[in-house]
Amino acid sequence: MASAARERLVVVGGDAAGMSAASQARRLRDPAELEIVAFERGHFTSYSACGIPYWVGGQVAGPQDLIARTPEEHRTRGIDLRMRTEVVELDLAGSRVRSRDLDSGSESWTDYDKLVLATGARPVRPRLPGIGAHGVHGIQTLDDGSRLMTTLERAGGPGRAQGRRAVVVGAGYIGVEMAEALVRRDYEVTVLHRGEQPMSTLDPDMGGLVHSAMNHMGIRTVAGAEVTKILTDDEGRARAVATAAGEEYPADVVVLGIGVEPRTALARAAGLPLGPSGGLLTDLSMRVRGQENIWSGGDCVEVLDLVAGRTRHIPLGTHANKHGQVIGAGVGGGYATFPGVVGTAVSKVCDLEIARTGLREKDALDAGLRFVTATITSTNTAGYYPGAQEMTVKMLAERRTGRLLGVQIVGGAGAAKRVDVAAVALTAGMTVDQVVSLDLGYAPPFSPVWDPVLVAARRAVTAVRAAGA
Ligand SMILES: Cc1cc2nc3c(=O)[nH]c(=O)nc-3n(C[C@H](O)[C@H](O)[C@H](O)COP(=O)(O)OP(=O)(O)OC[C@H]3O[C@@H](n4cnc5c(N)ncnc54)[C@H](O)[C@@H]3O)c2cc1C
């Protein structure tokens, strides 16, 4: 144990959740009361993994632009941040963690009074022949981004005729964003995905719009593809991706975008409670269930889905930062809670903005809900305004009650942030009738006189009435 007068907080994981928690705790309690030791196994801390596709795509100059706070800045603020140091064991009975310096290999134990687990997630890596080959990259941390950039730089600069083919496995938002980034670097990109359409976070009808946009920018997409093997050359480098259909897709670089799983091996070994996804289970103050002195947040936990009424693993930076604030408040002796999420997420491919909140049709069915859907296509500005772009809105509403259940928006400028209106309506438990009456802003450069969200809500009201009980 740390000395009785001065408590010690140990944080495992030095990015969004972990360092937000450490920084908030430091704001609330000074070093004389609370010593803070944070462990980060990588070379970077407090970085934006969300910015990696824009670094790879060349819109952001380098990793330094993605770093919000350096280790030195944290240390100046009174956080003892130990970089390149991995926590390899939690001893809950002894209130201590075992860590390993990844450069020297030396190990030591550190006692704690309070512990924060913020170990994030790791890209899913299916056990396939060749998956460990050079040139096969999962993307989760800034270190992963650096490794990918090294592979890309080996493959040569834009304009080189050979050696510039990329295969992206998976077409979730990370796969789609990475595919666009690689096209920007002049790669010939093929995206192999299992589903009917890319962006499985959308219903397939809306994913079809993403598919068209990807094809339009030269990305080849292969639906229903089951990857079986990564083929390698004599030097052990990836050279092609093979599928169950017997096809081979040549690749100088392979990017895995098939989702992430909570990085909770340490927590599992220590017997901490995990949900079906393998994410840690916490209460609303982000305290690990059944543990007085252990908190957890970010990509390693499950969060409460307020619409589906159950916990799920939804790994997003927006949640991780909020979790960190809540944890820091709790550790610092204050009080804060994270009530849950409605499943809002936005991304883009080329100029097409992609947004969702709440439930897809599949989620609503899984939750046992009876629902209607309404899909409309309108424009992002008044139709006559120069540069008006299409916007498609799909809305799910509960039968009988008309309660809004979910919204997906795909289209031109303004589609992504328009979903925030729907997220607020979902959080407030509004019906589609109430959404129709929302006093949303209008002027020709920003929306038609009836905003696309309101048009979809009107259509949903009609569908609810037509469906009856
Ligand atoms: C390409 C990409 C794009 C994204 N875009 C978006 C977006 O647009 N919007 C959005 O909301 N989210 C986005 N995300 C998700 C977002 O980056 C994550 O949700 C967020 O980083 C999670 O923060 P975290 O602190 O929980 O975990 P992480 O950021 O993964 O940090 C965990 C840290 O813990 C360290 N660590 C793990 N185990 C140990 C250990 N045993 N000892 C010491 N250190 C350890 C890791 O090295 C890592 O640095 C994106 C992610 C990626 C990869």
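Residues numbered from 1 in each chain as written. Predicted model: local features only at pLDDT ≥ 70, side-chain atom pairs only at ≥ 80, totals over all residues. Heavy atoms only, no water.

Chemist: Would you explain the overall build of the chain in this entry?
Modeler: What the chain contains, in helices and strands, is 12 helices and 25 strands. In summary, the chain has a C-alpha radius of gyration of 24 Å against a globular reference of 23 Å for 469 residues, a match within 12%. In terms of overall dimensions, the chain has a C-alpha envelope of 70 × 55 × 40 Å along the principal axes. Out of the 469 residues belonging to the chain, those deemed buried represent 54%. With the model as given, the accessible surface of the chain reaches about 20200 Å², and the carbon-plus-sulfur share is 50%. (Helix = DSSP H or I, 4+ residues; strand = E, 2+ residues; numbered from the N terminus. Rg over C-alpha atoms; globule rule 2.2 N^0.38 Å. Buried < 20%, exposed > 50% of the residue type's maximum accessible area, 1.4 Å probe, protein only. Areas by Shrake-Rupley, 256 points an atom, 1.4 Å probe, with all protein chains shown as cover.)

Chemist: Explain unusual backbone geometry here, please?
Modeler: Most peptide bonds adopt trans geometry, and most residues besides glycine take a negative phi value. Look at S46: it is not a glycine, yet its phi comes out positive at around 45 degrees. On the secondary structure map, S46 appears in the loop between β2 (34-40) and α2 (52-56). Notably, M286 is not glycine yet its phi reads approximately 70 degrees, a positive angle. Mapped onto the secondary structure, M286 falls in the loop between α7 (265-269) and β18 (294-296).

Chemist: What is the right way to read the pattern of salt bridges from this model?
Modeler: Between side chains of opposite charge, a pair can form as their charged atoms come close. In the structure shown here, the tally under the stated rule is 30 salt bridges. Among the ionic pairs, R29 bridges to E7, the shortest N-O distance being 3.0 Å. Residue R29 is located in the loop between α1 (16-28) and β2, and its partner E7 is located in strand β1 (residues 7-12); the two are separated by 22 residues in the primary sequence. R465 serves as the salt-bridge partner of D433, at 3.4 Å between the closest nitrogen and oxygen. Placement of the pair is D433 in helix α11 (residues 432-436) and R465 in helix α12 (residues 452-467), with a sequence separation of 32 residues. According to the relative accessible area criterion, R465 is exposed, its value standing at 59%. If you follow the salt bridges from partner to partner, you end up with E7, R29, E33 and K114 in one network. (Salt bridge = Lys/Arg side-chain N within 4 Å of Asp/Glu carboxyl O.)

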